[in-house]
Amino acid sequence: MKSLTSRRARAIVVAFAAGSLVLTGCSENKGTSSDKNAKEDQKGAAAQAKPVTYADAAASTGPAEEVPGAKTGGTIEVYQEAGLSHIDPGQIYVSDGGQVANLLFRGLTNFEEDGKGGTAVVGDLATDSGKSSDGGKTWTFTLKDGVKDQNGNEITSADVRHTIERQYAKFIFDGPTYLQTWLSGAKYREALPDGGYGKKHLPDSVLATPDDKTIVFHFDTARPDLPQTLAMPGYSIVPEKTDTKEKYDKAPVALGPYKIAEYKVGKSLKLVKNDQWDPKTDSVRHQFVDGWNINFGVTESTQTKRLIADQGESKNAIQLTGSVESTQIQDVVTDPATSKRTIKGYAPYVQVLNFNLDRVKNKTVRDAITYAVNSKSLIAGEGGVYGGDVAQNLFAPTLPGYEDSYDPYGRLATPQGNLEEAKKLLKDVPAAEKKLVFAYANSEAGQKRKVAIEDALTKVGFDVVSKEVDAASYYEQIGKLDNPYDIYISGWGQDWPSAGTVVTPVYDGDQIADGSPNYSHINDPKVQELIKKALTQEPTEASKTWQEAHHYILEKVNPAAPLWYVKQFQLYGSNIGGARYSTESSYIDVTRLFLKS
C-alpha cells in the first residue's frame, strides 16, 4: 500500500506517518516500548500476515453483514491535516485516498474483514473473487447485474477495459502499476501510449471483453495474487462515458454508497448519499449516515483536543488517517471513558529515511547516516509504545518473512543512534559529501521530524539543509526522479501479505519513474535478478528469495535507513457507532460507521 500519508502510508499505503512526531522523550508518555511490549505487539501483528482467502459468489452477494445496533441518519465529521493528493481512482495509492475511495468507488474485487484478523477477497462489482485457469495465467470475472454509477449508467465490461487501459496514459502517474506491468511489461506505456482513448486498445490476447458482463485477463505467467491486486483503490472503476482525463481528479463519478457534493481542494470534501448504489450488490459497505464532512487543515493536536473534549460536532467525528497526538496520549489512556473511544493495532508500514542514490552515491555516507539516526526520539514523538517500535530492517512485523533478529546496523541495541560508529565512518569523507538536503512535509509531524533528523545528523558532522515541502503533495515531490533532495522520509506497507509487494514496487529498478515508490532510485543487477527469480516461484520458495533480496538490499546497497515500525492509535467521538480497527487499511474501518443518535 503506498506510503502512508500523513502518508502511507501509500499508506500505503501505503502510504504514507500516521502520527505526529516530536523530538524529545522527556514526559512519561513518550518512552519507547520495551522489548517485551514490542514482542507482544509483534505477535498480534503476525495475524495480519495470515493468507487472504478468496470468496465465492455466495460470500460476494450483498447486502453487507449487519452491524449490531446500527442506525441511519446524520453526518459524520472527519478531521484530517493534509489535503488529498488525488481523488481520481487511478491516481490513488496512499492511505488517505484509500479511506475516501472505499466510500466513493468500487472495483472488481474488495477486501472483507471478519473483525478477528481474518480477511477475504470478495467480488465487489464481480460476482465472485475471480476464476483462474491455464495454471493461473488466465483469470475470468463476471459482472453483477444492476450495478450503476451515480448517473444511473449500468457498469459494463467496456468500463472495466477503459479503467485498465487509462492506467497506461501519461497523466496517470501516481497509482499502482502491478496490473499494467503484468499485462504489458515494465515499459507498459509503450504498449498503449494514448491510454485507450484513441482507436487502439489492448489485444484480446491480453485483455478480452467478449460480452458486456465478462472480463478475461491473460498473463504470460501465473498471477495468483490478481484478486488482491484488483481490490486496491487504484483499480476502482472509472466509467468510460464520464471520464474527463486530467480533470477527473477534481470531480470523479461515484459507484459506492456516497458521492461528492462539494470539493474545495485542500479545504473540505462533502459527501452525500449516492441514490444509485444498491446494497444488494455490495457485501462490504453500508450507507448508514446521510453524509460525511471531511475537513482538511486540522492538525493532529487540534483533532485530539476536540475529540478528547467530545463536545458538539466532535461527538460525531473521527480521525481519517491521523492519530492521537503524542503529547496528549496520557490524557486519552488514563481516562477510562476516553480510552474506550479508541482503536489501535499494528500498521503494515515501515518508516525509512530514503537516500536519493543519484545524489548520495557514497555507501559509506549512507551507512553513517543509518547508524546516526535516532529512532528512539522519533518513536517517542509517535507516542512510545502506542506509536511504534524500532525498525531494525525493511520488512514490517505484519509481513510474511519478517525476521525479528535480523538487525545488520544494530538498531535494537542503539535505537538512539550509534554516533561513534557514524563518526568513524565519516572520518575520511570529504566535507562536500557531508552536506545533505533534507525534504520534509510542512505538517506538524514533518516539522518535528525535521528537528529530529537535523539533531542526529549534525551531531556526527553532517551539514543538513532542510527544505519544506507542501504536505498534500509531499509524495508527489519526492517521487519526482529529478528532485533536488538527498534524503527524505517515507513509509511503505504491503499491498497484501507478500514480500513481493514491498520489494518489487520500492526496490525494483524497472519501476524507476516519476511517481514511482522507488524513492531511492535503486537499480541493482543482483536485486533485479532476485526479483525475477522470486516472481516465478511458488510462495514458499519465493519467500526465501525475497528474504535473500532483503538482506542484499539492506547490507550491500543500503538505499534507505530503517527508522520505525508504525502502530495505529486513533480516537473518535462518543456518538460514533460501529468503530473497529481495519487490519487491511490500518485505520478506523469507514465502511461500517453510524451515529448512535
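Residues numbered from 1 in each chain as written. Predicted model: local features only at pLDDT ≥ 70, side-chain atom pairs only at ≥ 80, totals over all residues. Heavy atoms only, no water.

(A) Local environment of the sheet that holds strand β13 (residues 342-355). The strand order β14-β18-β13-β17-β15-β16 describes an open sheet built from 6 strands, whose pairing is mixed. Looking at which strands have only one partner, the edges of the open sheet turn out to be β14 (388-390) and β16 (463-469). The sheet shows a mean angle of 30° between the axes of neighbouring strands, taken without regard to direction. Pairing geometry for strand β15 (residues 435-441) and β16, over 7 bridges, is parallel. Note on β16: the bridge partner recorded for Leu436 is Val464. Running over the sheet, helix α10 (residues 375-382) touches β14 and β18 (560-571) and is turned about 15° from β18. (Pairing = 2+ DSSP bridges. Helix = DSSP H or I, 4+ residues; strand = E, 2+ residues; numbered from the N terminus. Axes fitted to C-alpha atoms, helices over the stretch in contact; angles between N-to-C directions. Contact = heavy atoms within 4.5 Å.)

(B) Region of the structure containing the sheet that holds strand β11 (residues 291-295). Overall, mixed pairing links the 5 strands, which are arranged β9-β10-β11-β2-β12 in an open sheet. The open sheet is flanked by β9 (258-264) and β12 (317-319), the only strands paired with a single partner. Direction aside, the axes of adjacent strands within the sheet are offset by 20° on average. Each of β2 (75-79) and β12 touches helix α6 (residues 300-309); the most contacted strand, β12, lies at about 140° to it.

(C) Quick look at unusual backbone geometry. Residue Pro63 is reached from Gly62 by a cis peptide bond, and omega for that bond is 0°. Non-glycine residue Lys245 carries a positive phi angle of around 55°. Note that Lys245 resides in the loop between α5 (226-230) and β9. Although it is not a glycine, Asn558 adopts a positive phi angle of roughly 55°. Here Asn558 shows up in the loop between α16 (539-557) and β18. On the basis of relative accessibility, which here comes to 0%, the residue Asn558 falls in the buried class. (Buried < 20%, exposed > 50% of the residue type's maximum accessible area, 1.4 Å probe, protein only.)

(D) Broad picture of the pairing of strand β17 (residues 487-493). Burial analysis of β17 places 7 of its 7 residues in the buried class, which makes it a mostly covered element. Going residue by residue along β17, you find Ile487, Ile489, Gly491 and Gly493 tucked away on one face and Tyr488, Ser490 and Trp492 tucked away on the opposite face as well. Relative to β17, β13 is paired through 7 bridges, and the arrangement is antiparallel. Bridge pairing in β17 links Leu353 to Ile489. Here β15 runs beside β17; their pairing, made up of 2 bridges, is parallel. Across the sheet, Phe438 pairs through a bridge with Ile487, a residue of β17.

Function-wise, these values are silent; they only describe arrangement.
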